[in-house]
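These are the residues of each chain, in order.
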Amino acid sequence: SIIINQKRLGDNVRSTVGTVTDIYSLLRLLFSRVGTPFVGYSDVFSFNNPQGMCKECQGLGVVQGFDIEQLLDKEKSLNEGTIQFPTFYPGGVRWKRYIHTGLFDNDKKLKDYSPDELDTLLYKSGFKPQNPTSEWPPTSMYEGVIPRIKRTFLSKNCRDAKLYQKDIDRIVIEKDCPVCHGSRLNPKVSNCKINEKNITDCTNMTIMELIDFIETIHAHQVDTVTQAILQQLAFAKDVGLGYLTLNRATSTLSGGESQRIKMIRQLGSSLNGLIYIFDEPSIGLHPADIHKINKLFVKLRDKGNTILIVEHDPDVIQISDNIIEMGPRSGKNGGEVVFQGDIKTFYATPTLTSKYILQKH
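Residues numbered from 1 in each chain as written. Predicted model: local features only at pLDDT ≥ 70, side-chain atom pairs only at ≥ 80, totals over all residues. Heavy atoms only, no water.

Peer 1: Is there a simple way to think about the nonpolar core in this case?
Peer 2: Within soluble globular proteins, side chains that are nonpolar generally end up buried alongside one another. Ranked by internal contacts, the top residues of the largest apolar core, which has 53 residues, are Leu 27, Leu 30, Leu 210 and Ile 214. Looking at this core, the elements with two or more residues in it are α1 (17–20), α2 (23–34), α9 (199–204), α10 (207–214), α11 (223–238), α12 (255–267), β6 (275–279) and α13 (287–302). If we ignore the near neighbours within four places in the chain, the residues touching Leu 30 are Gly 35, Ile 194, Ile 214, Ile 217, Val 222, Val 225, Thr 226 and Ile 229. Listed in part, the 28 residues of the second largest apolar core include Phe 88, Phe 153, Ile 171 and Val 172. (Core = buried A, V, L, I, M, F, W, Y, C linked by side-chain atoms within 4.5 Å. Buried < 20%, exposed > 50% of the residue type's maximum accessible area, 1.4 Å probe, protein only. Helix = DSSP H or I, 4+ residues; strand = E, 2+ residues; numbered from the N terminus. Contact = heavy atoms within 4.5 Å.)

As structure tokens, this is what we get:
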């Protein structure tokens, strides 16, 4: 049994519409076969592969930047607590790593710092201060505020990140990677194109636009690949998702969109003999799209599967081979089978649902 509910697809930052539907895998195969110049096999087109990913952002497409106005209070000096982050406040263990360097006038307000002084405080690293105080550890190297925060609080192995999450969220901002500009891939991979488009151009297109582009590719050696892509894209179009792009993060999808994405994955499967359970698939759909997903339910059934749909929409009920109504009412007044049969008998039986539908029509 496979339950296809409206539970969202999770918040993995590497999960996109393209990856969860396997359409991106097919695009990788396509570009590895006929993309020019040839840059390698399909694996290198993956932003999860070290050979393909952008080195700057590690295949995420975004990098972490800092809101300096939130990090520093420029009306204050180091001694007054200019650095607005835990453990950098006056008396804090990391605050001491700046006031004892001899690099700064600890009573000088940040607004009066020269550009070089501000750059030293925030970014410069990897050198020994020439005139530190006696409290400076003699073997220590200087590390700017931002590299120190990155290393201490933003690394994968940081145990204190959750403890300071509110402060991290206040000062850290995400922005497009300056190297790959959000593509997640390194320049060599991005240079490989088909009909003047690289694989990122394809994932930035809506599904409707991508269908048009794939249909322009006429290369006999990849006919099976392009047909497979077009089939999956057609499934997405038929469930009313033609407006999505393949690079859309799954964490941004609604419950209804997530459910239809799961449906696409099953439509491309050759499995049969399964029981599929759908939880109100009509929610959020335009009436025209309901007729499209009805056709897909029939396709799944005709593969040799059983489709169980929890639904109240008359257009979905209409296509059912067998209808079961539970009732007679809800909650503690329900739980009994009040009707079971075909659509014609259903409309002839005065249940709450059948009367409601007939009255509505």
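Peer 1: I'm lost on the sheet that holds β6 in this one. Help?
Peer 2: Through backbone hydrogen bonds, the strands of a sheet pair up, either in parallel or in antiparallel fashion. Pairing within the open sheet is parallel, and its 3 strands lie in the order β1-β6-β7. The open sheet has two edge strands with one neighbour each: β1 (2–4) and β7 (306–310). Here the strands of the sheet are splayed against their neighbours by 20° on average, with no regard to which way each runs. Relative to β6, β1 runs parallel, the two sharing 3 bridges. In the sheet register, Ile 2 faces β6, and the bridge partner there is Tyr 276. On top of the sheet, α12 reaches β1 and β6; it is set at about 140° to β1, its chief contact. Sheet strands touched by α13: β6 and β7. Its angle to β7, the strand with the most contacts, is close to 145°. (Pairing = 2+ DSSP bridges. Axes fitted to C-alpha atoms, helices over the stretch in contact; angles between N-to-C directions.)

Peer 1: Please explain the packing of α2 against α11 as it appears in this structure.
Peer 2: Angle between the axes and distance between the axes are the two parameters that describe a pair of packed helices. Interaxial distance between α2 and α11 falls to 10 Å at its minimum, and their mutual angle equals 155°. The pairing of α2 with α11 is recorded here as roughly antiparallel in orientation. As for the relative orientation of α2 and α11, their crossing is left-handed in sense. Of the residues in α11, those in contact with Ile 23, Leu 26, Leu 27, Leu 29, Leu 30 and Arg 33 of α2 are Val 225, Thr 226, Ala 228, Ile 229, Gln 232 and Leu 233. Of the residues belonging to the contact of α2 with α11, the class tally is 9 nonpolar, 2 polar and 1 charged. (Parallel < 35°, antiparallel > 145°, perpendicular 65-115°, else oblique. Left-handed = near helix turned anticlockwise from the far one by under 90°. Nonpolar A, V, L, I, M, F, W, Y, C, P; charged D, E, K, R; others polar.)

Peer 1: What exactly am I supposed to notice about α2 here?
Peer 2: For an α-helix, 3.6 residues make a turn, and residues three or four places apart therefore share a direction. For α2, built from 12 residues, the straight-helix expectation of 16 Å at 1.5 Å per residue is met to within 8% by its first-to-last C-alpha distance of 17 Å. Those residues of α2 lying buried are Ile 23, Tyr 24, Leu 27, Arg 28, Leu 30, Phe 31, Ser 32 and Val 34. (Expected span 1.5 Å × (residues − 1).)

Peer 1: In this structure, what is going on with the packing of aromatic side chains? I would like to understand it.
Peer 2: To describe a pair of aromatic rings, you give the distance between the ring centres and the angle between the ring planes. Applying the stated rule across the entire model yields 16 aromatic pairs. Measuring from centroid to centroid gives 5.2 Å for Phe 153 and Tyr 164, while their planes differ by 90°, and the two rings are edge-to-face. Within this pair, whereas Phe 153 is found in helix α6 (residues 145–153), its partner Tyr 164 is found in the loop between α6 and α7 (165–171), the two being separated by 11 residues in sequence. Here Phe 153 and Tyr 164 have matching classes, each one buried. Ring centres 4.9 Å apart and planes at 70° place the aromatic pair Phe 278 and Phe 297 in the edge-to-face group. A residue pair is termed long-range when its members are at least 10 positions apart, and Phe 278 in strand β6 and Phe 297 in helix α13 qualify at 19 residues. The two residues Phe 278 and Phe 297 agree in class, both being buried. The ring of Trp 136 carries Arg 97 above its face, with NZ or CZ at 5.0 Å from the centroid. (Phe/Tyr/Trp six-rings, centres within 6.5 Å; stacked < 30°, edge-to-face > 60°. Lys NZ or Arg CZ within 6 Å of the ring centre and 35° of its normal.)

Peer 1: Explanation requested: the pairing of strand β8 (residues 323–327) in the structure shown.
Peer 2: Consecutive residues of a regular strand have side chains that alternate between opposite faces of the sheet. Side chains Ile 323, Glu 325 and Gly 327 of β8 all project onto a buried face; the interleaved residues Ile 324 and Met 326 project onto a face where none is buried. Across 5 bridges, the pairing between β8 and strand β9 (residues 336–341) is antiparallel. From the neighbouring strand, Ile 324 faces β9, where its bridge partner is Gln 340.

Peer 1: What am I meant to see in the side chain of Asn 49 here?
Peer 2: In this structure, Asn 49 sits in the loop between α2 and β2 (62–66). Looking at Asn 49, its side chain comes within polar contact range of the main-chain nitrogen of Gln 51, at 2.7 Å. (Polar contact = N/O pair within 3.5 Å; in protein donor to acceptor, adjacent residues only side chain to side chain.)

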